[in-house]
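# A closer look at the structure
Single-letter residue listing:
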Amino acid sequence: MRFSFLLPFFAVLFLAASFFYFQWTFSKFKFIDFQNSVLYGKDYIFSPLNDEYIVIFYNSKSSNIFDIIKKIPNEYNLEILAIDFYQDTNKDIKDNIIPLSAGMNTLLKLSNNFHITNLPSYFLIKKKSSFKFIQISKVVKF
């Protein structure tokens, strides 16, 4: 009976701690599901074949993708998914650069999911299952 007045305090403390813990764990892992997020190339719908990719969000109206690529370390020669917010899909695949675009709803969903606030930005993804990829690096902004 002596500590009954502390019970509500500890209950609220436990609820707050569990809320912040789950917010932290779910914000740590961000996924791209290529079955639900359709990305378009020049004349195809993108389907991942490799286990790892570099994802670049950029605007082809204001920056050149080849200038951006020079600034990104790519020791393992990973393929680069260049997602264009200007939605220019008339570019062909060159070297290891795959130019992609999507509908505005998909672009907004991806930018919100990965907290893309500046263009260009890039990060690495790795295969988790057949179409689901997980982010494995921080979002780097130029």
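Refer to the structure above for everything that follows.
Attention here is on the structure that accompanies the text.

What counts and what doesn't
- Residues numbered from 1 in each chain as written.
- Predicted model: local features only at pLDDT ≥ 70, side-chain atom pairs only at ≥ 80, totals over all residues.
- Heavy atoms only, no water.
- Pairing = 2+ DSSP bridges.
- Helix = DSSP H or I, 4+ residues; strand = E, 2+ residues; numbered from the N terminus.
- Patch = residues over 30% accessible without salt bridge, like charges linked within 9 Å, V, L, I, M, F, W, Y side chains within 5 Å.
- Areas by Shrake-Rupley, 256 points an atom, 1.4 Å probe, with all protein chains shown as cover.
- Salt bridge = Lys/Arg side-chain N within 4 Å of Asp/Glu carboxyl O.
- Buried < 20%, exposed > 50% of the residue type's maximum accessible area, 1.4 Å probe, protein only.

Bridge analysis of strand E1 (residues 31–33) against strand E6 (residues 132–135) gives three bridges, and the strand direction is antiparallel. Note on E6: the bridge partner recorded for Ile32 is Phe133. Relative to E6, strand E5 (residues 121–127) is paired through three bridges, and the arrangement is antiparallel. Counted as the bridge partner of Ile125 is Gln135 from E6. Between E5 and E6, which follow one another and run antiparallel, lie four residues.

Let's shift gears to a nonpolar patch on the surface. A contiguous nonpolar surface patch, about 330 Å² in accessible area, is contributed by Phe9, Phe10 and Leu13. Residue position: Leu13 is located in helix H1 (residues 7–28). Overall, Leu13 belongs to the partly exposed group, its relative accessible area being 46%.

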